[in-house]
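Below, each chain spelled out in residue letters.
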Amino acid sequence: WDGTSGSPVLPGERVYLDINELAEGKPYCATGQVRASPSQDLLAYSVDFSGDEVCGLYVANMESGAVVDHDPDLECTGQVQWGADDSQVYYLTMDEQKRPYRMYRRTIGSDEPDELIFQEDDELYWMNLQKSFDGRYIFVSSQSKETAEVHYVDLSDPAAGLRCVAKRRRKVLYNVRHRAGSWFITSNVGGTPNMKLMVSPAVPDSEDLWEDVVDENGDAVFNGAYDRSISGLTSFRSHSVATGREGGLPQVWVLNHPGEESSEVAGFVQLGFNEDAYDVGLGSNLDCGANHVVLSYDSLVTPSSSIRVPLGAPTDLSKRTVLKEQVVPGYDKAQYACERTTVKSRDGSADIPVSLVYRADVMEKVKAGETVPTHLYGYGSYGACMEASFRGTRRTLLDRGMVYVIAHVRGGGEMGRQWYEEPNGAKYLCKKNTFTDFVDVARWLTEDRKITSPSQLSCEGRSAGGLLIGASINEAPELFKMALLGVPL
């Protein structure tokens, strides 16, 4: 790469969609999704030119770049998926409140109106569009915060119409993946505190056929208990890869199957990493026949990287390959350090995870009895996790001698769904736990660990984290010198 915009990063690379060209003369430009057709001849992409999160839909010839299909009156959410071949795409549109609520099927180049496949009239439910990793099904999910329903189109027989995997049941959430003629379902059905992994034949109205996925010993691989949660599953032909949480951190597991046409699990292993606190998840994986999985990995002190892990030897660190690392000019990892600890909540019912990052020489001052400037960040809403991930922008604070702290307070999902749900989480009437956890961490920093003092402690929360900061500085104004509320709720 010679540093010019037209130079490829890797040998043989070609540009199929130049966002700079799209943006020329436009007041705003952001792409939604970009999808190559099954033959790799066409490119479907959505783009927002106004900034109002409403996209237009385009189909271009990948060889020439010429747009071959576009309706200027078509407005969509940005999600787009190809059908079984290059002839059709599926997309979602929004109502007046910008809620995704309709799924359409569009035939490329046709003068016929796009076909309405499904409409969600309940305003509590938002729709999401996905294609199974093996390319067999289109899934459209309708989901509220507590209840879900998934429909599908069998792309081998699209004329058969839309079918339902399992009808919605109050407070039952579920997601669906396909492997070897079976649905693999992550769900909290039965009232489990976390999502569990289940399997059934890939048939409509399958709710009475769901069974726990068990290993060769007959033990449920993911049973929805408090210690381990699953958030997703990707099935390659040889193995399946699950993502979830355990011990307050994101985790990855590789499930072994007896054969490519089997939905049984012959064992599973959890991947390990060299650092105590990190962020990990699936990277870009486009081929279900691949013999490896690509992961995205970073930590408080390690810039993001893409790592190729062989599915046949997932726990062998020596066989992993770093495909690409984020380049951070001037950054020397050896100058920084991080740690993960827990702080006991005031009522003794919870151990609050806390992540800290700092320059190593700054922590030497603390060990010598000094207090140093400290910035405390929190969120704690909607079950969302604030991971121990890398942020280059923190260096401007760390290099000025500040300790940066993330309080993984209740209301998030760091410890699983129970960290969010009633009665011990921070949802509905338990929301106060979010605020008291944050204040408890601030007191620990100033009174127990003695890293800082109230005159040197700042705090920050963004969006729903604004609620957290507002409540915390009202409860304990004596603990904080400064509060930063970004786009606060």
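Residues numbered from 1 in each chain as written. Predicted model: local features only at pLDDT ≥ 70, side-chain atom pairs only at ≥ 80, totals over all residues. Heavy atoms only, no water.

Looking at unusual backbone geometry
- Omega for the peptide link from Glu 422 to Pro 423 comes to 5 degrees, which places this bond in the cis form.
- Within the secondary structure, Pro 423 is located in the loop between strand E28 (403–407) and helix H4 (432–448).
- With a phi close to 70 degrees, Gln 40 is a non-glycine residue in the positive phi region.
- Relative to the elements of secondary structure, Gln 40 occurs in the loop between strand E1 (30–36) and strand E2 (42–48).
- Despite not being glycine, Lys 450 has its phi angle at roughly 55 degrees, a positive value. (Helix = DSSP H or I, 4+ residues; strand = E, 2+ residues; numbered from the N terminus.)

Focus: the pattern of salt bridges
- Summed over the entire model, instances satisfying the criterion amount to 25 salt bridges.
- Asp 205 is the salt-bridge partner of Lys 167, the closest N and O atoms lying 2.9 Å from each other. Here the residue Lys 167 occupies a position in the loop between strand E12 (163–166) and strand E13 (174–179), and Asp 205 occupies one in the loop between strand E15 (196–201) and strand E16 (211–212), the gap between them amounting to 38 residues.
- Among the residues examined, Asp 205 registers a relative accessible area of 41% and is labelled partly exposed.
- A salt bridge links Asp 437 to Arg 410; its shortest N-O distance comes to 2.9 Å. Here Asp 437, found in helix H4, pairs with Arg 410, found in the loop between E28 and H4; they are 27 residues apart in sequence, far enough to count as distant.
- Residue class for Asp 437 comes out buried when judged on its relative accessible area of 0%. (Salt bridge = Lys/Arg side-chain N within 4 Å of Asp/Glu carboxyl O. Buried < 20%, exposed > 50% of the residue type's maximum accessible area, 1.4 Å probe, protein only.)

Regarding the environment of Val 67
- Tracing the backbone shows Val 67 in strand E4 (residues 67–70).
- Not counting residues up to four positions away in its chain, the partners in contact with Val 67 are Tyr 45, Tyr 58, Val 59 and Ala 60. (Contact = heavy atoms within 4.5 Å.)

Observations regarding H4
- Here H4 spans 23 Å end to end across 17 residues, near enough to the 24 Å set by a 1.5 Å rise per residue.
- For H4, the tally of buried residues reaches 13 of 17 residues, placing the bulk of the element in the interior.
- Among the residues trailing H4, Lys 450 stands out with phi positive, at a value near 55 degrees. (Expected span 1.5 Å × (residues − 1).)

A closer look at the packing of aromatic side chains
- In total, this model carries 17 aromatic pairs according to the counting rule given.
- Consider the rings of Tyr 137 and Trp 183, whose centres lie 5.0 Å apart with planes at 65 degrees: the pair is edge-to-face. Of this pair, Tyr 137 sits in strand E10 (residues 137–143) while Trp 183 sits in strand E14 (residues 182–187), and the two are 46 residues apart along the sequence. For the pair Tyr 137 and Trp 183, a shared accessibility class is recorded, and that class is buried.
- Arranged with centres 5.2 Å apart and planes meeting at 25 degrees, the rings of Phe 273 and Tyr 297 form a pair that is stacked. With Phe 273 in the loop between strand E20 (267–270) and strand E21 (279–282) and Tyr 297 in strand E22 (residues 292–298), the pair connects residues that are 24 residues apart, well separated along the chain.
- Accessibility expressed as a relative area gives 18% for Phe 273, which makes it buried.
- By relative accessible area, which is 7% here, Tyr 297 ends up buried.
- Taken together through their ring pairs, the aromatic side chains of Tyr 137, Phe 139, Tyr 152 and Trp 183 make up a single cluster.
- Geometry around Tyr 125 places Arg 168 over its ring, the cationic atom sitting 4.3 Å from the centre. (Phe/Tyr/Trp six-rings, centres within 6.5 Å; stacked < 30°, edge-to-face > 60°. Lys NZ or Arg CZ within 6 Å of the ring centre and 35° of its normal.)

So, the sheet that holds strand E8 (residues 115–119)
- Judged by pairing direction, the sheet is antiparallel, and its four strands sit side by side in the order E5-E6-E7-E8 without closing on themselves. Lying at the two open borders of the sheet, with one neighbouring strand each, are strand E5 (80–82) and E8. Adjacent strand axes in the sheet meet at a mean angle of 25 degrees, parallel and antiparallel pairs treated alike.
- Inspection of the sheet shows strand E6 (residues 88–94) paired to strand E7 (residues 100–107) by seven bridges, in the antiparallel sense. Within E7, the position partnered with Thr 93 by the bridge is Arg 102. (Pairing = 2+ DSSP bridges. Axes fitted to C-alpha atoms, helices over the stretch in contact; angles between N-to-C directions.)

Observations concerning a nonpolar patch on the surface
- Together, Tyr 382, Leu 467 and Leu 489 line one region of the surface with nonpolar side chains, adding up to about 320 Å² of accessible area.
- Position of Leu 489 among the secondary structure elements: in the segment after strand E30 (482–486).
- Residue Leu 489 is classed as exposed on the basis of its relative accessible area of 60%. (Patch = residues over 30% accessible without salt bridge, like charges linked within 9 Å, V, L, I, M, F, W, Y side chains within 5 Å. Areas by Shrake-Rupley, 256 points an atom, 1.4 Å probe, with all protein chains shown as cover.)

Some remarks on the nonpolar core
- In terms of nonpolar packing, the biggest core is built from 30 residues, with Val 165, Tyr 174, Val 176, Trp 183, Leu 197 and Phe 222 touching the most fellow members.
- Those elements giving two or more residues to this core turn out to be E10, strand E11 (148–154), E12, E13, E14, E15, strand E17 (228–235) and strand E19 (249–256).
- Each residue touching Val 176, except ones within four places of it in the same chain, is listed here: Phe 139, Val 150, Val 165, Trp 183, Phe 184 and Ile 185. (Core = buried A, V, L, I, M, F, W, Y, C linked by side-chain atoms within 4.5 Å.)

Some remarks on the side chain of Thr 243
- The topology assignment puts Thr 243 in strand E18 (residues 239–246).
- Take Thr 243: its relative accessible area is 15%, and that puts it in the buried class.
- Setting aside chain neighbours within four positions, we find Thr 243 in contact with Ile 230, Ser 231, Gly 232, Gln 251, Val 252, Trp 253 and Leu 282.

Some points on the pairing of E30
- Relative to E30, strand E29 (residues 457–462) is paired through five bridges, and the arrangement is parallel. Residue Gly 461 lies in a different strand from E30, and its bridge partner there is Leu 485.
- This β-α-β element, E29 to helix H5 (residues 465–475) to E30, shows right-handed connectivity. (Right-handed = clockwise from strand over helix to strand, strands pointing away.)

Here we look at the sheet that holds E21
- In spatial order, the strands read E21-E22-E23-E24; together these four strands make up an open sheet with antiparallel pairing. Among the strands making up the open sheet, the edge pair consists of E21 and strand E24 (321–325). Taken over all neighbouring pairs, the strand axes of this sheet differ in orientation by 25 degrees on average, direction set aside.
- Relative to E24, strand E23 (residues 305–310) runs antiparallel, the two sharing four bridges. Counted as the bridge partner of Ser 306 is Lys 324 from E24.

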